[in-house]
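Fold and contact review
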Amino acid sequence: MTSLSIHHKTTYRYRSPVAFGPHRLMLRPRESRELRLTGFELTVTPQASVSWAHDVWGNAVATTGFHATGDTIAIDSVARIDLDAVAWPVFDIAASAIVYPFRYSDTDWTDLGALTALQYPDPHGRLLAWARGFVRGSATDTLALLKDLGAGVADAVLYQSRDEEGTQSPLATLDRGWGSCRDFAVLFAEAARCLGFGARIVSGYLHAAVPGVVGSQATHAWAEVFVPGAGWITIDPTNRSVGSANLIPVAVARDIRQAVPVAGSFVGASDALLGMTVEVSVSEVPGEIPSCRMTPG
């Protein structure tokens, strides 16, 4: 088990004081059998009221209500977790799904719903043809197919960190041959959907426990594919990894635009925004961790 501290600070700066609309924050890690949240602190400047709710995916969402104008917003969170995911997981895939293609049960198909549908246009079937290139005949090992697809994304796309907001379409990523981790995740999830899988996007953080890992000390994105028996199988195409070791999920969603860590608005001149900075650090921490608390201020 590894104890980690995740510090995430987002700062917006403006030319002159503006009025702030509500901001939607997705910063609290998702607890699971592999991740236990042992502490969480959220500080918002200028002072704001903070209310919490869970969205349709069960993600913890904070909404701020600002009471004053200002030329700066700072949203600062510190999460402390115990992470206990194995590095080389064994997936107990149901016999009916070991070989691709397979058919989801009627219940699973209904519940997966929109997670099996493409979120980006593919009018000429280019993405479908690309995805089908990883299918090795009429009977393909399902897990091997997903691993090959994840590695295929990494082979086709050069990683390039990108600070500006937004995500490329899968076809744009393939055409350009470069993208950030969120572009990798979207391309992989859409390709998996082309092949009939239910897939979702995950946003969170990465703990770089070994050299050569890409995407640490920043927000990170990857994907999960639902396979009967095994459940949600984690694929990080950016790092060619399978399984959730060293990954810290904050939000899962059908579309990556539903899992933005910080989103909000302001009332002021159209050119008022000077810029945004995001600082993320993920580090191991020893000793006892304080209990959860939230402090707006």
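Here, every reference points to the structure presented above.
Presented here is a report on the structure given in the accompanying data block. (Residues numbered from 1 in each chain as written. Predicted model: local features only at pLDDT ≥ 70, side-chain atom pairs only at ≥ 80, totals over all residues. Heavy atoms only, no water.)

1. As for the overall build of the protein
Helix and strand counts for the protein come out as five helices and 18 strands. Considering the protein as a whole, with its 297 residues, one finds that 47% of them fall into the buried category. A fraction of 75% describes how many contacts in the protein between residues 6 or more apart in sequence connect residues 24 or more apart. Approximately 13900 Å² of the protein is accessible, and the part contributed by carbon and sulfur atoms is 52%. Side chains of the protein carry 23 positive and 29 negative charges; the gap between the two charge centres is 3 Å. (Helix = DSSP H or I, 4+ residues; strand = E, 2+ residues; numbered from the N terminus. Buried < 20%, exposed > 50% of the residue type's maximum accessible area, 1.4 Å probe, protein only. Contact = heavy atoms within 4.5 Å. Areas by Shrake-Rupley, 256 points an atom, 1.4 Å probe, with all protein chains shown as cover. Lys, Arg positive; Asp, Glu negative; His and termini not counted. Charge placed at Lys NZ, Arg CZ, Asp CG, Glu CD.)

2. Here we look at the environment of V90
Structurally, the position occupied by V90 is in the loop between β6 (70-83) and β7 (99-100). When its relative accessible area of 79% is taken as the criterion, V90 is described as exposed. Spatially, the C-alpha atom of V90 lies 45 Å from that of A48, the residues being 42 residues apart in sequence.

3. Side note on empty space enclosed by the protein
Going through the model one piece at a time under the given rule, you end up with two cavities of 30 Å³ or more. When its volume is computed, the largest cavity comes out at roughly 50 Å³. Of all the elements in the fold, those that place two or more residues in the lining of the largest cavity are β11 (198-206) and β15 (247-253). Of the residues that constitute the lining of the largest cavity, the class distribution is seven nonpolar, four polar and no charged. Of the volumes computed, that of the second largest cavity is approximately 40 Å³. (1 Å grid on protein atoms, 1.4 Å probe; cavity = no way out; pocket = protein on both sides within 12 Å on 5 of 7 lines; lining within 4 Å. Points joined across faces, edges and corners; volume = space filled by probe spheres on them. Nonpolar A, V, L, I, M, F, W, Y, C, P; charged D, E, K, R; others polar.)

4. With respect to the environment of T43
In this fold, T43 is placed in strand β3 (residues 35-45). Assessed through its relative accessible area of 34%, T43 is described here as partly exposed. Once the C-alpha coordinates of T43 and T63 are considered, the two residues, 20 residues apart in sequence, prove to be 13 Å apart.

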